[in-house]
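# Coordinates in review
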Amino acid sequence: MKRWLSWWDGRVVLLALDVAVAAAVIVVTLAGGDPRDPHPALYVPAVVFSGVALLARRRWPFLVLLVAVGCMPAGVTLLPLMVAQYSVAVRHGVSVVTGLAVVVAGIAGNVVPVLRDPASFTLIVIVLGFFVLGPALAGLWMHQRAALLGVLRDRADEAERTRTLLADQAVFAERRRIAREMHDVVAHRVTAVALQAGALSLRAPDEKTEQAAETIRATSAVALDELRGILRVLRDDAPDAGPGVLASLEDLVAEVAATGARVELTLPDPLPAVPDQVGRAVYRVVQESLTNAGKHAPHAAVDVRLAVTGDRLAVEVTNRLTPHGSAVPGSGYGLVGMRERVELAGGDLRTGPTGDGRFQVLAAFPVGEGQ
C-alpha cells in the first residue's frame, strides 16, 4: 500500500483527488460524447480506459497523454487530453512542448478532413487554444511555482543554517572571553590567596595558625584545580572531568570539616552508578549547600545524606537555622545555579525551612538504566 501511495507523495488526499478527477472525466465524457460516431463498439471502453489512465498521471504523465491521444479516434472527447496535458506541464515544465507536438499531431490526424472549411478551421484553432494550450500554460505556471517555492525553501534552510552557525560562533567566542576573564581575575586572586596562605603556614607563630593556613592553602589549590576544569570546558579543550563521582563527596566533607565545621555524611553502600552529569550535579548541590550553611548558619551542624529509592537518588542537606549569619558576601546566584544544574541533569530541587527550625536542600535525580 505504501509503495502505491508513493505515486501521490504518500498522501491519501491526492489519491482521492485523482480518483475523483478520473471518475468525473469518465462521467462527463460519456454524457457529452456521441457513441454513434465513429466507432460505437470502442467508444465506451476507450472512455473508461482513458479515464482510468488518469490515475497514473502523476507517475507517467507522457504515457497518459499518449493514451488520451490514442483514444481520440474512438470518439473520446478532449477532456482526458486536457488533464493529461496539464499533468505533463506540471511534472516536466518546458518539456511540455513535446507533449504539445504529440497532441497537435493527434488532433490534426482526426480533423484533416474538415480543415478546408474556414468555419471548422477557426473552431479547431479555438479548441486547440482552449483545450490544449490553456492546460499547458496552467501546468507550466504550477511547475514554475513549485520550483520557486523549492528555491525559497532551500534559501530559508540555508539562512537558518547560517544563523545557527553564526550563533554557535558567537557563543564559542563569548565562552572564550569568559574563560579569559576568569583566568585573568579569579585564577589570579585564588593563586594569591594560596601563596599567602602557604607563606603564613611556614611562618605561623603557633600550630593552630599553621593548620588554618594550611587548610586555606589546600582549599585554594582545590579551587584552582576545579577552575582549570571549568576553563577547559569553556574553551572546549577537554570534556568536563570535574568531581562528578560520588566518592569525592568524602573529600569535600573532609575539607569543610577541616575548617572547623560540623558535617556528618551518610552515603549508601554500595554507591550507585550514576551518569557523569548527575554525579557532578550531586557534588555541586552538596558543595553549594555546605557553603551556604557556613555563611548563613556558622558553627551549626550540617547533615548530608544520600539515599537510593527505586530509580531515584535523593540528596538531602539540612542544618539548624541560626539568628546571625556570616558577613561573607555571596554572589546571589547560588540557589539559582544549583537549580539550573539539577534540572539539566533531569532532577528536581526543593529548598527552604522545614518547620522545625532547620533549613533543607533536597534534590532528587533519576538513576535508572535509561539515564
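Structure: above.
Calculation criteria
Residues numbered from 1 in each chain as written. Predicted model: local features only at pLDDT ≥ 70, side-chain atom pairs only at ≥ 80, totals over all residues. Heavy atoms only, no water. Helix = DSSP H or I, 4+ residues; strand = E, 2+ residues; numbered from the N terminus. Contact = heavy atoms within 4.5 Å. Areas by Shrake-Rupley, 256 points an atom, 1.4 Å probe, with all protein chains shown as cover. Axes fitted to C-alpha atoms, helices over the stretch in contact; angles between N-to-C directions. Parallel < 35°, antiparallel > 145°, perpendicular 65-115°, else oblique. Nonpolar A, V, L, I, M, F, W, Y, C, P; charged D, E, K, R; others polar. Patch = residues over 30% accessible without salt bridge, like charges linked within 9 Å, V, L, I, M, F, W, Y side chains within 5 Å. Salt bridge = Lys/Arg side-chain N within 4 Å of Asp/Glu carboxyl O. Buried < 20%, exposed > 50% of the residue type's maximum accessible area, 1.4 Å probe, protein only. Core = buried A, V, L, I, M, F, W, Y, C linked by side-chain atoms within 4.5 Å.

This part covers the overall build of the protein chain. Of regular secondary structure, the protein chain possesses eleven helices and five strands. Put simply, 67% of the contacts in the protein chain that link residues at least 6 apart link residues at least 24 apart. Here the protein chain displays about 22,300 Å² of accessible surface, and carbon together with sulfur accounts for 62% of that area.

Right, let's get into the packing of helix 9 (residues 248-258) against helix 10 (residues 276-296). Where helix 9 meets helix 10, the closest approach of the two axes is 10 Å, and the angle between their N-to-C directions is 10°. The angle between helix 9 and helix 10 falls in the class roughly parallel. Across the interface between the two elements, S248, L249, L252 and V256 of helix 9 pack against V282, Y283, V286, Q287 and L290 of helix 10. Of the residues contributing to the contact of helix 9 with helix 10, the split by class is seven nonpolar, two polar and no charged.

Side chains of L30, V44, V48 and V52 sit close together on the surface and give an oily, nonpolar patch of about 280 Å² of accessible area. Looking at which element gives the most residues to the nonpolar patch, the answer is helix 3 (residues 40-53), with three residues. For V52, a relative accessible area of 44% translates into the label partly exposed.

Once that is clear, we can look at the pattern of salt bridges. Counting across every chain of the model gives six salt bridges. The partner of R163 in a salt bridge is E160, with the nearest N and O atoms 2.5 Å apart. Remark: E160 and R163 occur in helix 7 (residues 118-202); sequence separation between them is three residues, near one turn of the helix. In this structure, R305 engages D303 in a salt bridge whose closest nitrogen and oxygen atoms are separated by 2.7 Å. The class for R305 is partly exposed, based on a relative accessible area of 38%.

On to the nonpolar core, then. Of all hydrophobic cores here, the largest spans 28 residues; its most connected members are V282, V286, V304, V315 and F365. The dominant element in this core, judged by the number of residues it contributes, is helix 10, at eight residues. Non-local contacts of V315, meaning those with residues more than four positions away in its chain, are made with V282, V285, V286, R305, L306, V361, L362, A363 and F365. Within the second largest apolar cluster, 24 residues are counted, among which are I26, L65, A68 and V88.

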